[in-house]
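# Chains, contacts and geometry: an overview
The primary structure of each chain is shown beneath.
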Amino acid sequence: MEQKKSEAIILRTKDFGESDRIVTFFSSLYGVLRGVAKGALRSSKRFVNSLAIFSLVDLEFTERRSSDLVWLDSCELVDGFPGIQTDYNLLLKASYMVEMTEILFPLNVPSPEMFKLLRFALGSISNGRNTEETMLIFQALAMKIGGFGINVSKCSLCGRPYKGKGRALFHPPSGSIVCLACEKESVLTPGMEPNTVHVLEQVQSPGLSLSNTLRFNEDIIRELKGVLMAHIEHRLGRKLKSAKYLQPANR
Ligand SMILES: [Zn+2]
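Notes on the structure follow. (Residues numbered from 1 in each chain as written. Predicted model: local features only at pLDDT ≥ 70, side-chain atom pairs only at ≥ 80, totals over all residues. Heavy atoms only, no water.)

## So, the sheet that holds strand S6 (residues 168-171)
- The strand order across the open sheet formed by three strands is S7-S6-S8, and the pairing between neighbours is antiparallel. With one partner strand each, in any of the chains shown, strand S7 (176-178) and strand S8 (191-192) form the two edges of the open sheet.
- As defined by bridge partners, S6 adjoins S8 across two bridges and the pair is classed as antiparallel. The partner of alanine 168 across the bridge, within S8, is methionine 192. (Pairing = 2+ DSSP bridges. Helix = DSSP H or I, 4+ residues; strand = E, 2+ residues; numbered from the N terminus.)

Structure, rendered in structure tokens:
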């Protein structure tokens, strides 16, 4: 069968038998795939230093007729994101991103846009650039790319347009903001200042350039965290296993 090539990020690996390794990877062109790296546990030139989780690699693989597992033919390291590999907290954050990616994009569902986001976010936290902002951008944008963008244009209950004045509430069941005349602020319907709503709109806008990292103040970070956590839990139907690591230690 035809050999395929793609840039990819290694999501998980598992040793298999005496010398092989099963690798789950997110490829920019074909989505999440699983493959067998034959002989990866022996010294093998084809896979040298390139199968560490969260690494960005150039992969060559061949599909198999009778199996979901592809054959990995070669794998070349592009960026190992060394900042993540040596920092336990960043490893947990990277695990969270990978878990969310796999929930939103099951096997064989390609999304070059999601790939670009994951590559940006891993690179950004590895370089120690604005980790909190990066996590929030990742969460909001991953949900949007997965089809669950938050509507910030109007109250979903009464239809009143939001003109950027006064607090707005986030309403998980509708995935939208609602106004204070329709709902009360609570843990279930967390509130946002106009600045926070504006940032959420900016982050979800199609023109967002991932290379210009945004800086948010502490209030915006705190409010966005609450809103995105409520949104993700509601839409994805369960707590992500790694979500607890995103909360401050004293909670
Ligand atoms: Zn309303």
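## Some words on helix H4 (residues 131-145)
- If you check H4, its first and last C-alpha atoms are 21 Å apart, about what 15 residues at 1.5 Å a residue would give, namely 21 Å.
- Most of H4 sits inside the fold, with twelve of its 15 residues counted as buried.
- The complete set of buried residues in H4 reads Glu133, Thr134, Met135, Leu136, Ile137, Phe138, Gln139, Ala140, Leu141, Ala142, Met143 and Ile145.
- Among the residues trailing H4, glycine 147 stands out with phi positive, at a value near 100°. (Expected span 1.5 Å × (residues − 1). Buried < 20%, exposed > 50% of the residue type's maximum accessible area, 1.4 Å probe, protein only.)

## As for the coordination of the zinc ion
- For the zinc ion, the protein coordination sphere consists of Cys155 (SG), Cys158 (SG), Cys179 (SG) and Cys182 (SG), at 2.3 to 2.4 Å.
- With four donor atoms in place around the zinc ion and angles of 104 to 118° between them, the coordination shape is tetrahedral.
- Along the chain, the residues donating to the zinc ion are arranged with the sequence spacing C-x2-C-x20-C-x2-C. Of this pair, cysteine 158 sits in the loop between H4 and S6 while cysteine 179 sits in the loop between S7 and S8, placing them 21 residues apart in sequence.
- The class for cysteine 179 is buried, based on a relative accessible area of 10%. (Donors = N, O, S within 2.8 Å, 3.2 Å for Na, K, Ca; no water. Tetrahedral: all angles 85-135°; square planar, octahedral: opposite > 155°, others 65-115°.)

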